[in-house]
Amino acid sequence: MTTGTMKAVVLREIGTPLKIETLPIPQPKRGEVLIRVTACGVCHSDLHAVDGDWSPLPNLPLIPGHEVVGTVSALGEGVEHFAEGDAIGVPWMYSACGHCEFCLSGMETICLKAEATGYSKPGGYAEYMIADAAFCGRVPTGVDPYELAPILCAGVTTYRGLKRTNVKPGQWLTVLGIGGLGHIAVQYARAMGMRVAAVDVSDDKLALAKSYGAELLVNASKADPGPEIRNAIGGTHGAVVTAVSAKAFEQSVGVLRNGGTVCWIGLPGGKQDEIRMTISGIVNGEMSVRGSNVGTRQDMQEAIDFAANGLVTAKIEKQPLDAINEIFARMKKGQINGRVVLALQ
Ligand code: NAD
Ligand code: ZN
Ligand code: ZN
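No experiment lies behind these values; they were computed from the predicted model shown.

(A) Main features of the overall build of the protein. Check the secondary structure of the protein and you find eleven helices and 17 strands. In terms of overall size, the protein behaves like a compact globule, its C-alpha atoms giving a radius of gyration of 20 Å where 345 residues would be expected to give roughly 20 Å. On the principal axes, the C-alpha backbone points of the protein span a range of 65 × 40 × 35 Å. Every one of the 345 residues in the protein was classed for burial, and the buried ones make up 52%. For the protein, contacts bridging at least 24 residues in sequence account for 70% of all contacts bridging at least 6. About 14,800 Å² of surface is accessible on the protein, with carbon and sulfur atoms providing 49% of the total. The positive charge centre, built from 31 side chains, and the negative charge centre, built from 34, are 4 Å apart in the protein.

Structure below.
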């Protein structure tokens, strides 16, 4: 038994600053594990949660955080595939029902009864957290837990999004938005054999994309990415949008060559949730627009394997738990290059 108290970042009211509180360490029930958190990445989704950008709103009081790597500290009844002391990862998908048509057909990402870590359930901005053992990731030995944390959301999400574009090795892909998700998307795309065009509004972020092998860079604050990319290479076969801006979604079909697929991943929310596009832009070139929501457990395990094999490495900046309000302020201004990871140990 692990008892006593823990430090956690808590949101009590939407739109108010987060506070550090001392809370009792939760106890695992049947099928659950208690995790001592080592590292938790700060995803823009956490900021959307705190700002109330999405409907439904998160459950309050909220402990955000869903890019967790830690060690198993206690096992609930019936948990047999983890042992105390094991390294473990926790993603956004806290659980899914396991018996609906989506769960049964390998699409648990769209289960209507799914719960979300750090949104409907308490997350990893805390020294300890509870997770559903059936939905946690196995962490291979020897992997840096701080570098691995962003793979639990930014990694698995972009990995699945890239697969959903159906772009093949040797073909071109555009990543719009080179933030926490995007800088990892560029690396997965390269590891999957794609040629990459990168779009952002910051030259620093484009330089980061270039360092991972992006061959074509467009600063969307200076030029429209569609004409730029079509003029240079005739458009890309696929695209993923991870930008927190409606404009990037409006521009995303324009970067495609005919027959291309764009996969939308970002969720700007609020007033940025609506966009204007032309019907002809999609019909005439037989374009496809798809959504992609985090990843299945199998996607997660594959995404972890890419990182464990050194094919993908998040660029991280470690920060303590009590820096969270400053981290969110910087994230709002686009001043984070790569991912901030809260270091709890
Ligand atoms: P981030 O803040 O780290 O990165 C956002 C990036 O978008 C920044 O680099 C910024 O410069 C760039 N950007 C802003 N305006 C742009 C424009 N007009 N054109 C191109 N780039 C622009 O955010 P993040 O953590 O990478 O998250 C990105 C989005 O993905 C968020 O909305 C988040 O909620 C969402 N998300 C979705 C899923 C999912 O399952 N679908 C999972 C995780 C995150
Ligand atoms: Zn996330
Ligand atoms: Zn289900």
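(B) Spotlight on the pattern of salt bridges. Counted according to the given criterion, the structure contains eleven salt bridges. Measuring nitrogen to oxygen at the nearest pair gives 3.2 Å for the salt bridge that ties Lys163 to Glu302. Residue Lys163 is found in helix α4 (residues 154-164), and its partner Glu302 is found in helix α10 (residues 297-308); the two are separated by 139 residues along the sequence. Judged by its relative accessible area of 33%, Lys163 falls in the partly exposed class. On the basis of relative accessibility, which here comes to 24%, the residue Glu302 falls in the partly exposed class. Residues Lys222 and Asp203 are paired through a salt bridge, measuring 2.9 Å at the closest nitrogen-oxygen approach. One end of the pair, Lys222, is in the loop between β12 (216-219) and α7 (225-233); the other, Asp203, is in helix α6 (residues 203-211), with 19 residues separating them in the sequence. The exposure class of Lys222 is exposed, given its relative accessible area of 63%. Asp203 sits in the partly exposed class, given a relative accessible area of 44%. One connected set of salt bridges, linked through shared partners, spans Arg160, Lys163, Asp299 and Glu302.

(C) Structural detail: the site of ligand 1. Close contacts around ligand 1 come from 29 residues, with His44, Ser45, Asp200, Val294 and Arg339 the closest. With respect to ligand 1, the side chain of Ser45 contributes an N or O atom lying 2.8 Å from an oxygen atom. Backbone polar atom of Ile265 to a nitrogen atom of ligand 1: 2.8 Å apart, as the coordinates give it. Going through the elements one at a time, α1 (44-51), α5 (180-191) and β11 (195-200) are the ones with two or more residues in the shell around ligand 1. Per-element tally for the shell around ligand 1: the top contributor is α1, with three residues. Looking at side-chain class alone, the shell around ligand 1 contains 14 nonpolar, twelve polar and three charged residues. The two domains that each donate at least three residues to the shell around ligand 1 are domain 1 (5-153 + 295-343) and domain 2 (155-291).

(D) Broad picture of the coordination of the zinc ion (ligand 2). Every protein donor of the zinc ion (ligand 2) is accounted for by Cys43 (SG), His66 (NE2) and Cys153 (SG), and the metal-donor separations fall at 2.0 to 2.3 Å. Along the chain, the residues donating to the zinc ion (ligand 2) fall in the pattern C-x22-H-x86-C. Here Cys43, found in the loop between β3 (32-41) and α1, pairs with Cys153, found in the loop between α3 (145-148) and α4; they are 110 residues apart in sequence, far enough to count as distant. Judged by its relative accessible area of 5%, Cys153 is buried.

(E) Fine view of the domain arrangement of the protein. Each domain of the protein was delimited in the assignment, giving domain 1 (5-153 + 295-343) and domain 2 (155-291). Measuring from the centre of the C-alpha atoms in domain 1 to the corresponding centre in domain 2 gives 26 Å. Taken together, the contact pairs 29 residues of domain 1 with 25 residues of domain 2. Summed over both partners, the interface of domain 1 with domain 2 buries about 2,100 Å², with 56% contributed by carbon and sulfur atoms. At the junction of domain 1 with domain 2, the criterion picks out three salt bridges. Residue Lys163 pairs with Asp299 through a salt bridge whose shortest N-O separation is 2.9 Å.

Calculation criteria
- Residues numbered from 1 in each chain as written.
- Chains lettered and ligands numbered in written order.
- Predicted model: local features only at pLDDT ≥ 70, side-chain atom pairs only at ≥ 80, totals over all residues.
- Heavy atoms only, no water.
- Helix = DSSP H or I, 4+ residues; strand = E, 2+ residues; numbered from the N terminus.
- Rg over C-alpha atoms; globule rule 2.2 N^0.38 Å.
- Buried < 20%, exposed > 50% of the residue type's maximum accessible area, 1.4 Å probe, protein only.
- Contact = heavy atoms within 4.5 Å.
- Areas by Shrake-Rupley, 256 points an atom, 1.4 Å probe, with all protein chains shown as cover.
- Lys, Arg positive; Asp, Glu negative; His and termini not counted.
- Charge placed at Lys NZ, Arg CZ, Asp CG, Glu CD.
- Salt bridge = Lys/Arg side-chain N within 4 Å of Asp/Glu carboxyl O.
- Near = heavy atom within 4 Å.
- Polar contact = N/O pair within 3.5 Å; in protein donor to acceptor, adjacent residues only side chain to side chain.
- Nonpolar A, V, L, I, M, F, W, Y, C, P; charged D, E, K, R; others polar.
- Domains from an automatic or database assignment.
- Donors = N, O, S within 2.8 Å, 3.2 Å for Na, K, Ca; no water.
- Buried area = accessible area lost by both parts, 1.4 Å probe.

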